[in-house]
Amino acid sequence: MPKNKGKGGKNRRRGKNENENEKRELVFKEDGQEYAQVTKMLGNGRLEALCFDGVKRLCHIRGKLRKKVWINGGDIILLGLRDYQDGKADVILKYTPDEARNLKAYGELPETAKINDTGLEDDYDETIMFDDCDDDDEIDDI
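Treat the numbers as computed from the prediction; the structure is a model and nothing was measured. (Residues numbered from 1 in each chain as written. Predicted model: local features only at pLDDT ≥ 70, side-chain atom pairs only at ≥ 80, totals over all residues. Heavy atoms only, no water.)

A.B. asks: Sorry, what's going on with helix 2 (residues 97-106) here?
C.D. replies: For an α-helix, 3.6 residues make a turn, and residues three or four places apart therefore share a direction. If you check which residues of helix 2 are buried, you get E99, A100 and L103. Looking down the long axis of helix 2, one finds its buried residues gathered within 100° of arc, a one-sided arrangement. Phi turns positive, to about 85°, at G107, one or two residues after helix 2. (Buried < 20%, exposed > 50% of the residue type's maximum accessible area, 1.4 Å probe, protein only. Helix = DSSP H or I, 4+ residues; strand = E, 2+ residues; numbered from the N terminus. Arc of directions from axis to C-beta.)

Written out as structure tokens, the structure reads:
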């Protein structure tokens, strides 16, 4: 067997993603493309997204984004629509929360679009109120 002479394996050679802090140019949609918000991750490089034209589509994450750009529920993405299948689309780009806010400010996204910074924000009350009920009567009936 050959002797390992390197310093690490495939993942080290791939390199770290060091361009996180660099500002990139904001990409707007063209014809045949649509903005969408991820509703559900399905696995196997697929997700379900609600497009801002009102259609729910099954989307495929293209190979350039898979395992490099992590997409979560609630993210704003750019989809390439298919001419031959209206119910399916391809993910072209994932917008950062700052980019999504800029798109909303430019009027590209509707005002009703919720942009999640952390993905953990919920509009639910944390307190739960229970009605008073007699447990003894219900237990006796059983």
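A.B. asks: Would you take a moment to explain unusual backbone geometry for this structure?
C.D. replies: Glycine aside, the phi torsion of most residues is negative, and most peptide linkages are trans. Of note, N44 is a non-glycine position whose phi angle comes to about 60°, a positive value. Backbone geometry at K67 places phi at a positive 65°, although glycine is not the residue there.

A.B. asks: How do you make sense of the pattern of salt bridges when you look at a structure like this?
C.D. replies: On inspection of all chains with the given rule, the structure shows eight salt bridges. Via salt bridges that share partners, D53, R57 and D86 belong to a single interconnected network. (Salt bridge = Lys/Arg side-chain N within 4 Å of Asp/Glu carboxyl O.)

A.B. asks: I'm lost on the nonpolar core in this one. Help?
C.D. replies: For soluble globular proteins, the rule of thumb is that nonpolar side chains tend to be buried together. Judged by nonpolar contacts, the single largest core of 13 residues is most densely connected at L47, A49, C59, I71, I77, L79 and V91. Those elements that place two or more of their residues in this core are strand 1 (33-43), strand 2 (46-51), strand 3 (56-61), strand 4 (76-81) and strand 5 (88-94). Once residues within four sequence positions are removed from consideration, V91 is found in contact with L47, C59, H60, I61, R62, L65, I71, I77, L78 and L79. Core analysis: the next-biggest nonpolar cluster, separate from the first, contains ten residues, L26, Y35, L78 and Y95 among them. (Core = buried A, V, L, I, M, F, W, Y, C linked by side-chain atoms within 4.5 Å. Contact = heavy atoms within 4.5 Å.)

A.B. asks: I would appreciate a short explanation of the environment of K56 in the present structure.
C.D. replies: As for its placement among the helices and strands, K56 is situated in strand 3. Distance in space between the C-alpha atoms of K56 and D86 is 9.8 Å, their sequence separation being 30 residues. Beyond its immediate stretch of four places on either side in the chain, K56 contacts E48, A49 and L50.

A.B. asks: Looking at this structure, how should I read the packing of aromatic side chains?
C.D. replies: Aromatic ring pairs are defined here through the distance separating the ring centres and the angle between the ring planes. One pass over the full model with this rule turns up two aromatic pairs. A ring pair is formed by Y35 and Y95, whose centres lie 6.0 Å apart and whose planes are at 55°; its orientation type is tilted. Of this pair, Y35 sits in strand 1 while Y95 sits in the loop between strand 5 and helix 2; the two residues are 60 residues apart in sequence, bridging distant segments of the chain. Given the relative accessible area of 1%, Y35 is considered buried. Assessed through its relative accessible area of 3%, Y95 is described here as buried. (Phe/Tyr/Trp six-rings, centres within 6.5 Å; stacked < 30°, edge-to-face > 60°.)

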